[in-house]
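The lines below spell out each chain.
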Amino acid sequence: MSIKLIIIGGVAGGATAAARARRLNEHAEIILFERDEHISFANCGLPYYIGEVIQQRDNLLVTTREAFQKRYRIDIRNFSEVVSIDRTNKRVEVRDSQSGKSYWESYDKIIMSPGAEPFKPPLEGIDLPNIFTLRNIPDTDQIKSFVDLNKPKSAVVVGGGFIGLEMAENLTHRGVKTTVIEMLDQVIVPLDKEMASIVQTHLMENGVDLELSNSVTSFSQSGNHILVSTSQNKTIECDLVILSIGVKPESALAQNADLALNDRGGIKVSDNLETNDTDIYAVGDAIETTNMVTKQPMMLPLAGPANKQGRVAADNAMGRQTRFNGVLGTSILKLFQFTAASTGLNEKTARQQGISYLKSYTHSFSHATYYPNAERMSIKILFSPDNGKLLGAQVIGKGGVDKRIDVFATAIYGKMSVYDLEALELAYAPPFSSAKDPVNVAGFVAANTLRGDLENIHWDEMADLNADNTVFVDLRTPLEIRTCGVIKEAVNIPVDDVREKLPTLDKSKIYILFCAVGLRGYIAYRIFKQHGFEARCFNGGYDIYKHSVSPGA
């Protein structure tokens, strides 16, 4: 099939689309326009180059113009920006940024991959020197050069999302005392607040200062320093500022071509990534896609979906009918010794969408505890109260987080339930897991709840308890209580002493049973219930409680 395909923008979506299109059609004329120098680079690796975790700048280049062109016989024109699309005459206007000259190029099909740009609010002083954003390799070069040459002692990162926290980590690695300012009351929006609190505590333990529920009102200069003024009437002096407030789609080209946009400027596409023009497709950070759980439109600026979208768009442009099924929002983040990951729904989204759910917390080790270096991870899952269908998962820990979140993401994609999580046969050997994998354990606890074998109470329901008829029972040992902390109103009955103590307890009371992480709470719950007591298991145990009320929260 003879076809002329123009791809606007490289990196994850555009470069993937170009390679896929060539593999499907050796005879197509394919032109890739990229306004910058590099057609494909590792966006997600940029903070780690600044932090010198990645030593060689060339390692950020997924491929070069020359290598890509040689392998795929694609006409690659970098430093070339498409400035307008003439849909009537099926041509695009291209401006060569090096010569300043413009010309027209015809097309049969277009795949747009314009990406997103960092959001810069109109604040006083935001264009001062030493205030940076991070999107591409030139941005990275500027920030790294500043750090290398000026040896800054302090930095402010505005925004507690993925890039902001990765920059905070990597600046800390470079010896720069870093403060993160976040207008919300937590970092990492995909996590629920009590889970984000675990990360926040870890950040502070590693020397990062957090200013939550605070926002920047202006910037000013004092000698070589930047003064950051905030809504809490604080002034923070620093040597550099990284703006990581969020991104907005680069959709001006689409808008000027009368392509349909949503109210946030995202390009609207069908499930085959076709715009309202049947000859123009769009992929990546600039498009509106569909949440696979809620079935509602959403925007998700992540590299994984962009790569898959590039492949699907190329299929359709070349005449092969392929659908993009939507996104789960699966994401993962390394912060110092911790890894935080999530997929599917969190509680905030479920409430906003009016989706009924139950939740459970488990704390399992990354592998068999008798094998060295086992690390505990905290897992939260959301599931349907009707059929146990898995809706979302969040995992935080030091080891094994990545493979568990991938299992949960696969389970949600496959419309599996917590009963399926119980039954999954996952790889086990002592260095890698336990005979009951943490995913299985999460399934056991959730399924126990649905079967009526366990009645939970959660940290955010404690304020509704009637203190006159409620007794908190701490099932931990006295040593644990002395070393780990306590809920002050709790009565201490170690779990192995529960049966002997039952005759001394008042059956007119409701007993809230908790231990460190939940297992002993479940054991005690089964004993209490079968002896005629009214009881609830404090799901997640003291570990979740302390994070829900700690400074990190």
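This text follows the structure it describes.
Read on for an overview of the structure. (Residues numbered from 1 in each chain as written. Predicted model: local features only at pLDDT ≥ 70, side-chain atom pairs only at ≥ 80, totals over all residues. Heavy atoms only, no water.)

A few words on unusual backbone geometry. Although it is not a glycine, R73 sits at a positive phi angle of roughly 50°. Here R73 shows up in the loop between α3 (65-72) and β3 (75-78). For R73, a relative accessible area of 56% gives the class exposed. (Helix = DSSP H or I, 4+ residues; strand = E, 2+ residues; numbered from the N terminus. Buried < 20%, exposed > 50% of the residue type's maximum accessible area, 1.4 Å probe, protein only.)

The geometry of helix α10 (residues 401-413) relative to helix α12 (residues 438-451) is characterised by a closest axis approach of 9 Å and an angle of 50° between their N-to-C directions. The angle between α10 and α12 places the two elements in the oblique class. Contacts between α10 and α12 involve R404, V407 and F408 from the former and P438, V439 and A442 from the latter. (Axes fitted to C-alpha atoms, helices over the stretch in contact; angles between N-to-C directions. Parallel < 35°, antiparallel > 145°, perpendicular 65-115°, else oblique. Contact = heavy atoms within 4.5 Å.)

Together, M183, L184 and V189 make up an exposed nonpolar region whose accessible area comes to about 290 Å². Of note, L184 is situated in the loop between β11 (177-181) and α6 (193-205). (Patch = residues over 30% accessible without salt bridge, like charges linked within 9 Å, V, L, I, M, F, W, Y side chains within 5 Å. Areas by Shrake-Rupley, 256 points an atom, 1.4 Å probe, with all protein chains shown as cover. Salt bridge = Lys/Arg side-chain N within 4 Å of Asp/Glu carboxyl O.)

Right, let's get into the nonpolar core. Within the largest apolar cluster, 47 residues are counted, with the highest numbers of intra-cluster contacts made by I85, V92, I110, I111 and M112. Not counting the four nearest positions on each side in its chain, M112 is found in contact with I8, I85, L253, A254, L259, I280, Y281, A282 and V283. Within the second largest apolar cluster, 42 residues are counted, among which are F146, I198, F338 and Y361. (Core = buried A, V, L, I, M, F, W, Y, C linked by side-chain atoms within 4.5 Å.)

Here we take up the sheet that holds strand β15 (residues 235-238). Taken together, three strands build an open sheet; the order of strands is β13-β14-β15 and the sheet is antiparallel. Two strands lie at the open edges of the sheet, namely β13 (216-222) and β15, each paired on one side alone. Taken pair by pair, the neighbouring strands of this sheet meet at an average axis angle of 25°, ignoring direction. Note that β13 and strand β14 (residues 225-230) share six bridges and pair antiparallel. (Pairing = 2+ DSSP bridges.)

A separate point is empty space enclosed by the protein. Across all of its chains, the model carries one cavity of 30 Å³ or more by this definition. Its volume calculated, the largest cavity comes out at about 70 Å³. Along the walls of the largest cavity sit M292, V293, K295, K389, I412, Y413 and K415, which together make up its complete lining. Of the residues that constitute the lining of the largest cavity, the class distribution is four nonpolar, no polar and three charged. (1 Å grid on protein atoms, 1.4 Å probe; cavity = no way out; pocket = protein on both sides within 12 Å on 5 of 7 lines; lining within 4 Å. Points joined across faces, edges and corners; volume = space filled by probe spheres on them. Nonpolar A, V, L, I, M, F, W, Y, C, P; charged D, E, K, R; others polar.)

Time to look at the packing of aromatic side chains. Enumeration over the complete set of coordinates arrives at eight aromatic pairs. Pairing Y511 with F528 gives two aromatic rings, centres 5.4 Å apart and planes at 50°, and the pair type is tilted. One end of the pair, Y511, is in strand β30 (residues 510-514); the other, F528, is in helix α15 (residues 519-530), with 17 residues separating them in the sequence. With a relative accessible area of 3%, Y511 lands in the buried category. F528 sits in the buried class, given a relative accessible area of 0%. Ring pairing ties together the aromatic residues F514, F538, Y542 and Y545, which thus form one cluster. Here the guanidinium or amino end of K144 rests over the ring plane of Y49, the centre of that ring lying 5.2 Å away. Sitting above the plane of the Y542 ring, R476 keeps its charged end 4.4 Å from the centroid. (Phe/Tyr/Trp six-rings, centres within 6.5 Å; stacked < 30°, edge-to-face > 60°. Lys NZ or Arg CZ within 6 Å of the ring centre and 35° of its normal.)

Below, the discussion takes up the environment of Q200. Summarising the element assignment, Q200 is placed in helix α6. Overall, Q200 belongs to the buried group, its relative accessible area being 1%. Measuring from C-alpha to C-alpha, the distance between Q200 and H547 comes to 9.4 Å, with 347 residues separating the pair along the chain.

Worth remembering: the numbers are spatial, not functional.
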